Every structure is written in structure tokens, then in C-alpha cells.
2 protein chains.
Amino acid sequence: MPITKTTSFNQKQNALAHVAKALGHPARIAILQVLMEQETCVCNDIVMQLPLAQATISQHLKVLKDAGLVKGEIAPNKSCYCINPEGWKLAKVILGDFMEAYEDQATDLCCD
Amino acid sequence: MPITKTTSFNQKQNALAHVAKALGHPARIAILQVLMEQETCVCNDIVMQLPLAQATISQHLKVLKDAGLVKGEIAPNKSCYCINPEGWKLAKVILGDFMEAYEDQATDLCCD
DNA sequence: TATCACCATCGTAATTTTGCGATGATATAA
DNA sequence: TTATATCATCGCAAAATTACGATGGTGATA
């Protein structure tokens, strides 16, 4: 595979793709929803609420952490895993800006 | 892999993940940006503007079509590939709703 | 008809993702 | 000290993604 993904595109494109990719799996969406509903940051309720093994959840959480959507203080026993407000806000802006960039002025001009 | 992704999660979660996944690759972002800048729907400028083979672009376009973000009338010669206004709007809502669902009320409560 | 431009699809190879059991590490509770 | 609970990580297997060359199909053009 000659083309190396990350070097061929600019920073914005890579950043956007990175966040979107993290959201690109239903399990990860479900995990985020659990974290949203959770007032306290107590964790591992995730494992109970989802039909996935603990190792799998942990893996998904890592992806979400890498994307900056989640942060976690791994204080064993008093575990803490929650949404990263800064990262979330940034993701919202990045995604929002991109989606807003297209205004459907061409609705009637385009294709059929 | 016992758990079959699509059956274990609800419709909304799958729909969201599906769109996000389509956005989860820099090449696809770049393709959409080309389509956004393109007033006319003339295509294959994409192939010229990106460092990817035609077959690869075509594959990415298929992913974007499946996600409803792009539509294409394959009228040979007078080709037409453009952003799908309806699908785009829907994606914007789906993504937007999800990202808005989290308000950072817990910024100070959470973790550290 | 033969050629050209445009695009989908097939076949293939490398890489990445996904999922899970097993294992280890760490702090608390018994 | 000995469990127990919580979570990360390793190792493995199956599946999906990514990229490309080659091929084929189709409409316009020479």
C-alpha cells in the first residue's frame, strides 16, 4: 500500500477522520451513551450494560481516549471513566464545521 | 466473533455509527471537500486531485453512497457525482443531536 | 467500426479492526 | 496475608478495510 494515509492528507482532514472513526462503531456509541447518562463517573457499569466482554470494552475505551472523547483516571476500585468535556467540545466543533461547510445551494442543480 | 455488531445495538446507534464510519477516513473527507467546492457535478476531478488510484476513489465513493452522503448518476461521459443534500442533512442532524446530547454540566464533578 | 474517456467491479495482498480468553497489576476488604 | 474487584494488556483468530492493477462495460467521437 504505497500511500501512507496520514502523510497524504492535511491536519484538519486527519483530525476529522480520527474523531469520526472513533464514533464509527455502534459499541462505542453505546459506551458514550452510558457515560452520558452516568452522573457519577463510576465505571464498569458499561460492561454490565453492554453485551461485550470486558477486554473488548477496554479496547473501545482506548480508542475513545485516543480520540480525546473520553478521559479516565484509572484509580483501581474507585475507577473513573467519563466524557472529556474539552475533547468533546472540540469534536463537536470539528464535526459541526465540516457538516456546515456544505449548504445545499445546489439542490436543484445537482444531478437528476 | 459471537456478537454480531448490527444486531446487538439499536437502530439509532447503528445509523450514527454508519455515518461516522463513512467520515472516518481522510481520503473520504478529501473527496467530500472536492465535491463541496465543485459547483458543477462533473466528476473524476477527484482522481486528479487526490493521490489515489481510480479504483480506490471509486471504492471510497461507494462507502459514501452507502452512507447516503453522496449520490451519483452514472451517466457515462456526462458523469455526475455529488453530495446528497437529503442524506447530508440527515447526517448533520444525527451527528448534531448526538454531540448535543452531552452538555458538560459535569465538567467540575468529573474525575480529577 | 475502432478508439477514447469514464467509471464499476473483480481479484489480490497488506494492514487494521474486532472480539475474547487468559493473565497481570493494583488497591481495598476480609 | 489472602481474597476480591476493577481494569489494562497480551496473544490469537476471524473479519473488515484499504489500496491497486487489470478488466469490462458503455456512450460519445473519429
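Everything that follows concerns the structure shown earlier in this document.
Per chain, residue numbering runs from 1 following the sequence as it is written. Ligands are numbered from 1 and chains lettered from A, in the order in which they are written. Confidence filtering applies because this is a predicted model: local features only for residues at pLDDT of at least 70, side-chain atom pairs given and counted only at 80 or more, and all residues used for totals across whole chains, interfaces and linings. Heavy atoms from the whole structure form the basis of all side-chain values; hydrogens and water molecules are not counted.

Draft legend 1. Spotlight on the packing of helix α2 (residues 11-22) of chain A against helix α6 (residues 85-100) of chain A. All names here are of chain A. For helices, the fitted line uses only the C-alpha atoms of the stretch in contact; every axis is such a line through C-alpha atoms, and the angle between N-to-C directions lies from 0 to 180 degrees. For helices the rule is a DSSP run of H or I covering at least 4 residues; for strands it is a run of E covering at least 2, with both sets numbered from the N terminus onward. The contact between α2 and α6 brings their axes to 10 Å, and the two run at 110°. One finds that α2 runs roughly perpendicular with respect to α6. As α2 packs across α6, the resulting crossing turns out to be left-handed. Where α2 approaches α6, its residues Ala15, Leu16 and Val19 are matched on the opposing element by Ala91, Ile94, Leu95 and Phe98. Any residue outside Ala, Val, Leu, Ile, Met, Phe, Trp, Tyr, Cys, Pro, Asp, Glu, Lys and Arg is labelled polar, Gly included; the first ten of those are nonpolar and the last four are charged. Grouping the constituent residues of the contact of α2 with α6 by class yields seven nonpolar, no polar and no charged. Roughly parallel means an angle under 35 degrees; roughly antiparallel means over 145; roughly perpendicular covers 65 to 115; every other angle is labelled oblique. Two helices cross in a left-handed way if the nearer one is turned anticlockwise from the farther one by less than a right angle. They cross in a right-handed way if the turn is clockwise. Note on contacts: a residue pair qualifies if any of its non-hydrogen atoms lie within 4.5 Å across the two residues.

Draft legend 2. Spotlight on helix α3 (residues 26-37) of chain B. Residues and elements named next belong to chain B. How far a helix is expected to stretch is found by multiplying one less than its residue total by 1.5 Å. Over its twelve residues, α3 extends 17 Å from the first C-alpha to the last, a length consistent with the 16 Å expected when each residue adds 1.5 Å. Working definition: with a 1.4 Å probe on protein chains only, accessible area under 20% of the residue-type maximum means buried, over 50% means exposed, and in between means partly exposed. Summarising burial for α3: ten of the twelve residues are buried, a large majority. Residues Pro26, Ala27, Arg28, Ile29, Ala30, Ile31, Leu32, Val34, Leu35 and Met36 constitute the buried set of α3.

Draft legend 3. Structural context of the environment of Leu95 of chain B. In this fold, Leu95 of chain B is placed in helix α6 (residues 85-100). The sequence separation of Leu95 of chain B and Ala17 of chain B amounts to 78 residues, and the corresponding C-alpha distance is 9.4 Å.

Draft legend 4. Region of interest: the side chain of Arg28 of chain B. Residues and elements named next belong to chain B. Tracing the backbone shows Arg28 in helix α3. We count Lys and Arg on the positive side and Asp and Glu on the negative side, and we leave His and both chain ends out. Here, a salt bridge means any side-chain nitrogen of Lys or Arg that lies within 4 Å of a carboxyl oxygen of Asp or Glu. Salt bridges are absent for the buried Arg28, whose nearest opposite-charge side chain, Asp66, sits at 10.0 Å. If we ignore the near neighbours within four places in the chain, the residues touching Arg28 are Lys21, Ala22, His60, Val63 and Leu64.

Draft legend 5. Main features of the interface of chain B and chain A. Facing 44 residues of chain B, the contacting portion of chain A comprises 44 residues. As used here, buried area is the combined drop in accessible area, with a 1.4 Å probe, of two parts when they are placed together. Between chain B and chain A, the buried area comes to about 4,400 Å², and carbon and sulfur atoms account for 74% of it. Three residues stand out in chain B for area buried against chain A, namely Phe98, Met99 and Tyr102 of chain B, and they jointly supply 16% of the buried area on that side. Joining chain B to chain A, the criterion identifies two salt bridges. Between Lys92 of chain B and Glu100 of chain A there is a salt bridge whose closest N-O contact spans 3.8 Å. As used in this structure description, the phrase polar contact means that two N or O atoms lie within 3.5 Å; if the pair is within protein, one of them must be able to donate a hydrogen and the other to accept it, and residues adjacent in sequence are counted only when both atoms belong to side chains. Here chain B and chain A share four residue pairs in polar contact (both at pLDDT 80 or more) between them. Of all the elements in the fold, those that place two or more residues in the side of chain B that touches chain A are α1 (5-8), α2 (11-22), α3, β1 (70-73), β2 (80-83) and α6 of chain B.

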